[in-house]
Amino acid sequence: QVHLTESGGGLVQAGGSLRLSCAASGNGFWFNAMGWHRQAPGKQRELVASITSGGIANYADFVKGRFTISRDNAKNTVYLQMNSLKPEDTAVYYCNARGIRVVDVSVSDYWGQGTQVTVSS
């Protein structure tokens, strides 16, 4: 059983910063790519950023230069530092992780419950 526990969302003024954290847990699993998606009301869920276990990061164009993704492999935790936030960044942010079960090398994608980020103008 894999669980993703998110924290760090909240309300911030435009131009402010927030840091999201997501810890993955699951006995017998190794986590390859981890990342963040977001979903605003009335819109589809979209990729924000992802990072491999080797530290290779990928960003959506709309966050490049403002957001930074990082991870601590020893803690199976991924972080999203969000700076220069804009009202259009308001959304529910979801953590996701690609888990590989060691016993049979099966691969599955897992999602957190989501954390609300609200940016006021």
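Here goes a summary of the coordinates provided. Keep in mind the model is a prediction, meaning the values are calculated, not measured.

## Focus: the pattern of salt bridges
Next, step 1: Applying the stated rule across the entire model yields six salt bridges.
Next, step 2: Between Asp89 and Arg66 there is a salt bridge, with the nearest N and O atoms lying 2.7 Å from each other. Pair noted here: Asp89 is in the loop between strand E8 (77-82) and strand E9 (91-101) and Arg66 is in the loop between strand E6 (57-59) and strand E7 (67-72), with a separation of 23 residues, a long-range link.
Next, step 3: Classification of Asp89 by relative accessible area gives buried; the value is 0%.
Next, step 4: Exposure remark for Arg66: the relative accessible area of 11% places this residue in the buried category.
Next, step 5: Two residues, Asp104 and Arg101, come together in a salt bridge whose shortest N-O distance is 2.7 Å.
Next, step 6: According to the relative accessible area criterion, Arg101 is partly exposed, its value standing at 36%.
Next, step 7: What emerges from the salt-bridge pattern is a single network uniting Arg38, Glu46, Arg66 and Asp89.

## Side note on the pairing of strand E10 (residues 106-111)
Next, step 1: As defined by bridge partners, E9 adjoins E10 across six bridges and the pair is classed as antiparallel. Bridging across to E10, Ala97 finds its partner in Tyr110.
Next, step 2: Taken together, E9 and the strand that follows it, E10, pair antiparallel across an intervening segment of four residues, in which Val105 is found at a positive phi of about 60 degrees.

## A word on the side chain of Thr77
Next, step 1: Looking at the element boundaries, Thr77 is found in strand E8.
Next, step 2: We classify Thr77 as buried; its relative accessible area is 8%.
Next, step 3: For Thr77, the side chain forms a polar contact with the main-chain oxygen of Lys75, separated by 2.9 Å.
Next, step 4: Once residues lying within four places of it in the same chain are set aside, the contact partners of Thr77 are Cys22, Ala23, Ser70, Arg71 and Asp72.

## A closer look at unusual backbone geometry
Next, step 1: Phi is positive for Asn76, close to 50 degrees, though the residue is something other than glycine.
Next, step 2: Tracing the chain through its elements places Asn76 in the loop between E7 and E8.
Next, step 3: Overall, the relative accessible area of 22% leaves Asn76 in the partly exposed class.
Next, step 4: Positioned with a positive phi, Ser84 is a non-glycine residue whose angle comes to about 50 degrees.
Next, step 5: Mapped onto the elements, Ser84 comes out in the loop between E8 and E9.
Next, step 6: According to the relative accessible area criterion, Ser84 is partly exposed, its value standing at 40%.

Rules of the game
- Residues numbered from 1 in each chain as written.
- Predicted model: local features only at pLDDT ≥ 70, side-chain atom pairs only at ≥ 80, totals over all residues.
- Heavy atoms only, no water.
- Salt bridge = Lys/Arg side-chain N within 4 Å of Asp/Glu carboxyl O.
- Helix = DSSP H or I, 4+ residues; strand = E, 2+ residues; numbered from the N terminus.
- Buried < 20%, exposed > 50% of the residue type's maximum accessible area, 1.4 Å probe, protein only.
- Pairing = 2+ DSSP bridges.
- Polar contact = N/O pair within 3.5 Å; in protein donor to acceptor, adjacent residues only side chain to side chain.
- Contact = heavy atoms within 4.5 Å.

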